[in-house]
Amino acid sequence: MVRRSGALLNAILATLVCAVLLYSGTNGVGPLTGVGPLLDPATGFWTAGRDAAPPHDQTLQLTGLHAQTSVTFDAEGVPHIRARDDHDLFLALGYVHARYRLFEMDLIRRQGEGRLAQVLGGKLLPVDEFELDLGLSRTALKDLKRLAPDERAVLQAYADGVNARIHEAKTERNLPAFFKLLGYEPADWQVLDTAVIKGIQAQDLAYQTNPLTNARLVKALGADRASRWFPVVPASNRDTPYDPGPYQTAAAAPLPAAVVSDGADVAAASLLSRTAGLPKLASETGASNNWAVDGTLTASGKPLMANDPHLALNLPSVWFQVDLESPSYHVRGVTFPGAPVVPIGRNKQISWGATDTQNQATLYYAEKTDPAHPDQYFWQEAWHRMDKISYDIPVKGGAVDHHELRLTVHGPILTQQGQALAVDWMGNVPSSGLGSILRMMRAGDWPSFKSALTDWTSPTQNWIYADAAGNIGIYAPGLYPIVNAARPDLPLPGTGEADVVGTVPLAQVPQAYDPPSHMVVSANQRPVGGAYPYYIGTSQNDFDPGYRAAEIRTALQTRKGPLTALDMERLQFDDRDQLAVRVLPRLLGAVGEADLDPLHRQALAEIQRWDAVMRANSAAASIWDAFWREYLRQTFQPWWDRYRVGVPITEVAGPLGADLEGWTVAGAPTDAFAPPGSAPATPDVVMESAFTKAVNSLAQRFGARVQMWDWSRVHQRLIASLIDKSLSYGPRGAGGDERTPDAAAGTVSTHGPSWRMVVDWGSGRSYGVYPAGQAENPVSAWYENLVDDWWAGRYHEMTTAAEAEGRSGSATWTLQP
Amino acid sequence: MIGRQSAGLVAAAGVLMVAVIWAGLQIGVWWLALPAGFLLTLLVAGAPSLHTAWLAAAAAWALPLVLLTAGGDAGRSSVVLSGILGFPSLPLLAALLTVVFGALLGLAGGWLGAAVRRVLRPAR
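Residues numbered from 1 in each chain as written. Chains lettered and ligands numbered in written order. Predicted model: local features only at pLDDT ≥ 70, side-chain atom pairs only at ≥ 80, totals over all residues. Heavy atoms only, no water.

- Per an unreviewed UniProt entry, chain A goes by the name Penicillin acylase family protein and belongs to Candidatus Dormiibacter inghamiae.

Structure below.
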């Protein structure tokens, strides 16, 4: 009996162990699949090694091709695609994109289409709901109808190429390992997916919450103070517009005072809280530079052009470098995986690039509703029924989420807390933007370049231009909404009187062509001067305060000799902080050396001999940064506390910093140093206090040896993996800050120069590098092979197919129909 | 059920088990080592069959890794996989974990088979 009981107990124990093993093998941690499928050596992660080797010379069959097409990969993994017709070019591009970035492409389309929770679980549900509310898919459908037949054919050929790879990988059981990790397979690629990916970029660059933030600032600080502290034209920006005028009509009227209701404030807070959980937008955290100089300033006598768009630095990268050749296209540059266009690049005659214009492209409308009229809103003197759209969102490991959206004439309602707030975002205006870029890729001169962008709507970009003929220019087409309201920078009444009544005419959007300064520079600064006849945003509207633009202009103007491509590369790595250049003399004057203890005297000595360059190994850079943050805090925190401002100072530190610079350096009058309930102070007193406290905090953190306070110990860059932090690069100590051309905002910077490109029209050569690699497969030699070169400033020549073929490490796929 | 058998029979069963588990892994049936081990020790009594269960499972899981290594693809995969699993990125760690996991499946299945056998046919 005892023996039988023991046997039973043994069997039960064995059953339990088996159950635990099967359960843990099946159920993964977070979104990842279980350990069993992951470790399966024949179909799990181990198969990532199969696709990791660089390609070798081989012949492949690609269904759908009209004729033989070649893809030559250079040693860095850049494909040079040569096709006999345009259809084959884009078919092959789709295949190559999918071969190296299929998982990334699927993730991005899922984000835009609100389908992340389906594969990543319920924590992504808020992102899906927001994206479905915003409506990138709805807009994408309309975008497709606006494309010309030949442009739509490009998208279809591209989708066919992507699908050829998807089917091939499924047949060979060789889908990227991340699909296996997450336990799903990708659906076929549709042309709609490409349009959605264009929408994601528009959202990243042009969807804004500034009117909501502004409403909170006005509500808390009062209209007068908010207008003074967040002006339309900040003092720091006065010298940097690339289109300084004169303009055809009179300047726009100043913004009058305004009152924000309690309901609008609650709605703004609610929607800001909702968007805080979304991936950080480049329009809020990013920055970009581009510039061009004409032949009078260069060694070759021909233009030089440079562009470094500052976006999220990820592994895999947002970019995929290509060289495309067909009867209509001869383009080198970078593409977004998922889209067959080169938004930054060059052809045989012209080069182009982009920075974000940052104008106000998002309007919020407080809809008038009434419980007596459920699901209706009052507009143009009548009640109207809201449109409703329902979505069923699949959730991995959970129940399907039924999500209902309401729309008014202005757009989707994004919150009903406090007030129904609808958004009218210019990115939702249907356009043929993808067609515009295709036309730009074929342009051969300034008129055809501008003509290609005639239909461009969003995101508004400062498109930089240079050509082989010796011309330079910059042009910022897009939708700059004109509303029939005095304060478009705040949520607007939805009853009809404040609707959009037009947009800035194309002839009057910011632009410059062969200017007398011989240079055009954009770095997200306000592109026009104070006399510009249209309202396009305030200092709180994401315009950069202008320090990067000022530094670039200064560097170009004070050159020691004729400029070369190497000078352009060095300028992209420029870590000089123009704010420090301007404020340091005042700081040194404010801090009395005689009263300092040895530690503070040592710190002062460091910044006395500092050149305002935020080098990674500079202790002075750490002292400056700590001082400036503390100076901002000591100046504004009493106001924030007194008025209970619901927007963190750090979120509006850019415009506040520009104010503080103006008060400190130019002595502009202000009551900012006399907050309510405190004794009035002077900039000198606050600076001295901030300096003391900053040095104390650094000593507490890093010890009393000032020389050990390297900036790299305070400030790092992180190139984050989209999948798993073990696959990220960094954090690694780095130079730069948010005000340097080599932009690196934050203490752990996750945004920055996502692609650095220089085009030299003297030699006809161009150079570029980005901080990742061409392959998303972490086992591949091309996963992060370019990071170190990017870090060290080693650019790679953007070669043609013929040039690549002759170089070591190249391999060619011959694609047969 | 079969009683205690010769080493030859146990070895033959082990080879068959390796083949079955290997085939299962090719189509993603990663858990096959567990029922295979269960059947082996249920049908064949004795400690050698239990050892065969986990050894055969380990061998079946190791075989694809050996082939991958011969193709030069396994080293970097192992490093990356170790990191994803939350372990230090050491070259051989993930490979070891993979084989151990396979062996555990075989061992647990074998243990359950032997235990069930004892319940059904208690030793006299």
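Now that the structure has been shown, we can carry on.
Looking at the overall build of chain B
Turning to step 1, where the next piece is worked out: Check the secondary structure of chain B and you find five helices and zero strands.
Turning to step 2, where the next piece is worked out: Secondary structure elements of chain B, listed N to C terminal, follow the sequence α-α-α-α-α.
Turning to step 3, where the next piece is worked out: The C-alpha extent of chain B, read off along each of the three principal axes, is 55 × 25 × 25 Å.
Turning to step 4, where the next piece is worked out: For chain B, buried positions account for 44% of its 124 residues. (Helix = DSSP H or I, 4+ residues; strand = E, 2+ residues; numbered from the N terminus. Buried < 20%, exposed > 50% of the residue type's maximum accessible area, 1.4 Å probe, protein only.)

Quick notes on the UniProt feature "transmembrane region" (unreviewed entry) in chain A
Turning to step 1, where the next piece is worked out: When the UniProt feature table is mapped onto this chain numbering, "transmembrane region" (unreviewed entry) sits at residues 7-25 of chain A.
Turning to step 2, where the next piece is worked out: In this annotation, residues 7-25 of chain A is assigned 100% helix and 0% strand; the end-to-end C-alpha distance for the span is 27 Å. (UniProt positions renumbered as here; feature names shortened; annotations may be inferred.)

Focus: helix 19 (residues 598-608) of chain A
Turning to step 1, where the next piece is worked out: Buried within helix 19 of chain A are the following residues: Leu599, His600, Ala603, Leu604, Glu606 and Ile607 of chain A. Along the long axis of helix 19 of chain A, the arc covered by the buried residues comes to 155°, so they all point the same way. (Arc of directions from axis to C-beta.)

With respect to the packing of helix 3 (residues 86-113) of chain A against helix 7 (residues 149-171) of chain A
All names here are of chain A.
Turning to step 1, where the next piece is worked out: Between helix 3 and helix 7, the shortest axis-to-axis distance is 7 Å and the interhelical angle comes to 50°. Considered as vectors, helix 3 and helix 7 are oriented oblique to each other. In this structure, helix 3 meets helix 7 at a crossing whose hand is right-handed. Contact residues: His87, Phe90, Leu91, Leu93, Gly94, Tyr95, His97, Ala98, Arg99, Leu102 and Met105 in helix 3; Val154, Ala157, Tyr158, Asp160, Gly161, Val162, Ala164, Arg165, Ile166 and Glu168 in helix 7.
Turning to step 2, where the next piece is worked out: Its residues placed into classes, the contact of helix 3 with helix 7 shows 13 nonpolar, four polar and four charged. (Axes fitted to C-alpha atoms, helices over the stretch in contact; angles between N-to-C directions. Parallel < 35°, antiparallel > 145°, perpendicular 65-115°, else oblique. Left-handed = near helix turned anticlockwise from the far one by under 90°. Contact = heavy atoms within 4.5 Å. Nonpolar A, V, L, I, M, F, W, Y, C, P; charged D, E, K, R; others polar.)

A few points about the interface of chain A and chain B
Turning to step 1, where the next piece is worked out: On the chain B side, the residues contacting the 38 residues of chain A number 39 residues.
Turning to step 2, where the next piece is worked out: Across the chain A to chain B interface the summed buried area is about 3,300 Å²; carbon plus sulfur atoms make up 75%.
Turning to step 3, where the next piece is worked out: At the surface where chain A touches chain B, the tally comes to five residue pairs in polar contact (both at pLDDT 80 or more).
Turning to step 4, where the next piece is worked out: Looking at the side of chain A that touches chain B, the elements with two or more residues in it are helix 1 (2-26) and helix 2 (35-39) of chain A. (Buried area = accessible area lost by both parts, 1.4 Å probe. Polar contact = N/O pair within 3.5 Å; in protein donor to acceptor, adjacent residues only side chain to side chain.)

Comments concerning the UniProt feature "transmembrane region" (unreviewed entry) in chain B
All names here are of chain B.
Turning to step 1, where the next piece is worked out: Listed under "transmembrane region" (unreviewed entry) in the UniProt record, and renumbered for this structure, are residues 7-23, 29-47, 54-72 and 92-116.
Turning to step 2, where the next piece is worked out: Overall, residues 7-23 shows 100% helix and 0% strand. The separation of its end C-alpha atoms is 24 Å.
Turning to step 3, where the next piece is worked out: For the annotated span residues 29-47, helix accounts for 63% and strand for 0% of the residues, and the straight-line distance between the end C-alpha atoms is 27 Å.

Observations concerning the sheet that holds strand 7 (residues 320-325) of chain A
All names here are of chain A.
Turning to step 1, where the next piece is worked out: Reading across from one edge, 1-32-2-3-7-8-9-10-18-19-23 is the order of the eleven strands in this open sheet, with mixed pairing throughout. Each edge of the open sheet is held by one strand with a lone partner, namely strand 1 (58-61) and strand 23 (511-513). Taken pair by pair, the neighbouring strands of this sheet meet at an average axis angle of 20°, ignoring direction.
Turning to step 2, where the next piece is worked out: In this sheet, strand 10 (residues 350-356) lies alongside strand 9 (residues 344-346) in antiparallel orientation, the contact comprising two bridges. If you follow Gly345 over to strand 10, its bridge partner there is Trp352.
Turning to step 3, where the next piece is worked out: Along the sheet, helix 3 makes contact with strand 1, strand 2 (69-73), strand 3 (79-82), strand 7, strand 8 (330-335) and strand 32 (811-816), crossing strand 7 at roughly 160°. (Pairing = 2+ DSSP bridges.)

Remarks on the UniProt feature "active site" (unreviewed entry) in chain A
Residues and elements named next belong to chain A.
Turning to step 1, where the next piece is worked out: Mapped onto the present numbering, the UniProt feature "active site" (unreviewed entry) falls at Ser288.
Turning to step 2, where the next piece is worked out: Its place among the elements puts Ser288 in strand 4 (residues 287-293).
Turning to step 3, where the next piece is worked out: Owing to a relative accessible area of 5%, Ser288 belongs among the buried residues under this scheme.
Turning to step 4, where the next piece is worked out: Setting aside anything within four residues of it in sequence, one finds Ser288 in contact with Asp308, Pro309, His310, Ala354, Thr355, Ser522, Ala523, Asn524 and Arg548.

Brief notes about the environment of Gly345 of chain A
Residues and elements named next belong to chain A.
Turning to step 1, where the next piece is worked out: Checked against the element boundaries, Gly345 lands in strand 9.
Turning to step 2, where the next piece is worked out: Placed 120 residues apart in sequence, Gly345 and Arg225 show a C-alpha to C-alpha distance of 44 Å.
Turning to step 3, where the next piece is worked out: In contact with Gly345, not counting residues within four places along its chain, are Arg332, Gly333, Ser351, Trp352 and Met757.

Remarks on the packing of helix 3 of chain A against helix 9 (residues 191-206) of chain A
All names here are of chain A.
Turning to step 1, where the next piece is worked out: Running from amino to carboxyl end, helix 3 crosses helix 9 at an angle of 75°, the nearest separation of the two axes being 9 Å. As judged from the angle between their axes, helix 3 and helix 9 are roughly perpendicular. Here helix 3 contributes Met105, Ile108, Arg109, Gln111, Gly112 and Glu113 to the contact with helix 9, which in turn contributes Asp193, Val196, Ile197 and Ile200.
Turning to step 2, where the next piece is worked out: Among the residues forming the contact of helix 3 with helix 9, the class breakdown is five nonpolar, two polar and three charged.

Points about a nonpolar patch on the surface
Residues and elements named next belong to chain B.
Turning to step 1, where the next piece is worked out: Together, Trp54, Leu55, Leu96, Val100, Leu104 and Leu107 make up a nonpolar patch on the protein surface, roughly 510 Å² of accessible area in all.
Turning to step 2, where the next piece is worked out: For the nonpolar patch, the secondary-structure elements that each account for two or more residues are helix 3 (47-70) and helix 5 (93-120).
Turning to step 3, where the next piece is worked out: Among the elements that line the nonpolar patch, the one with the most residues is helix 5, at four residues.
Turning to step 4, where the next piece is worked out: Classification of Val100 by relative accessible area gives partly exposed; the value is 42%. (Patch = residues over 30% accessible without salt bridge, like charges linked within 9 Å, V, L, I, M, F, W, Y side chains within 5 Å. Areas by Shrake-Rupley, 256 points an atom, 1.4 Å probe, with all protein chains shown as cover. Salt bridge = Lys/Arg side-chain N within 4 Å of Asp/Glu carboxyl O.)

Describing the side chain of Ser351 of chain A
Residues and elements named next belong to chain A.
Turning to step 1, where the next piece is worked out: Within the fold, Ser351 resides in strand 10.
Turning to step 2, where the next piece is worked out: Within the local environment of Ser351, its side chain forms a polar contact with the side chain of Trp761, the two groups lying 3.0 Å apart.
Turning to step 3, where the next piece is worked out: Ignoring any residue separated from it by four or fewer positions in sequence, one finds Ser351 in contact with Met305, Gly345, Arg346, Ile464, Tyr465, Ala466, Val759 and Trp761.

Some points on the environment of Ser6 of chain B
All names here are of chain B.
Turning to step 1, where the next piece is worked out: Structurally, Ser6 can be placed in the segment before helix 1 (7-26).
Turning to step 2, where the next piece is worked out: Residue Ser6 is classed as partly exposed on the basis of its relative accessible area, which comes to 45%.
Turning to step 3, where the next piece is worked out: As for Ser6 and Phe38, which are separated by 32 residues in sequence, their C-alpha atoms are 19 Å apart.

Observations regarding the nonpolar core
Turning to step 1, where the next piece is worked out: Counting residues in hydrophobic clusters, the biggest one holds 227 residues, and the most contacted among them are Phe45, Met441, Phe449, Leu556 and Trp813 of chain A together with Ile21 and Trp61 of chain B.
Turning to step 2, where the next piece is worked out: Among the elements that line this core, the one with the most residues is helix 3 of chain A, at 14 residues.
Turning to step 3, where the next piece is worked out: Tyr547, Leu587, Ala590 and Phe691 of chain A belong to the second largest nonpolar core, which has 57 residues in total. (Core = buried A, V, L, I, M, F, W, Y, C linked by side-chain atoms within 4.5 Å.)

Details of the packing of aromatic side chains
Turning to step 1, where the next piece is worked out: Under the definition given, this model contains 40 aromatic pairs over all chains.
Turning to step 2, where the next piece is worked out: With 4.6 Å between their ring centres and 20° between their planes, Trp446 of chain A and Tyr513 of chain A make a pair best called stacked. Linking Trp446 of chain A in helix 15 (residues 446-452) with Tyr513 of chain A in strand 23, this pair joins segments that are 67 residues apart in sequence.
Turning to step 3, where the next piece is worked out: Relative to Phe101 of chain B, the ring of Trp61 of chain B has its centre 5.6 Å away and its plane inclined at 75°; by these criteria the two rings are edge-to-face. Here the residue Trp61 of chain B occupies a position in helix 3, and Phe101 of chain B occupies one in helix 5, the gap between them amounting to 40 residues. A single burial state applies to Trp61 of chain B and to Phe101 of chain B, both of which are buried.
Turning to step 4, where the next piece is worked out: Here the aromatic residues Trp229, Phe636, Trp639, Trp640, Tyr643, Trp663 and Phe673 of chain A are joined through ring pairs into a cluster of three or more.
Turning to step 5, where the next piece is worked out: The ring centre of Trp456 of chain A lies 5.2 Å from the NZ or CZ of Lys198 of chain A, which sits over that ring.
Turning to step 6, where the next piece is worked out: In this structure, Arg642 of chain A is placed above the aromatic ring of Tyr643 of chain A, and the distance from its NZ or CZ to the ring centre is 4.9 Å. (Phe/Tyr/Trp six-rings, centres within 6.5 Å; stacked < 30°, edge-to-face > 60°. Lys NZ or Arg CZ within 6 Å of the ring centre and 35° of its normal.)

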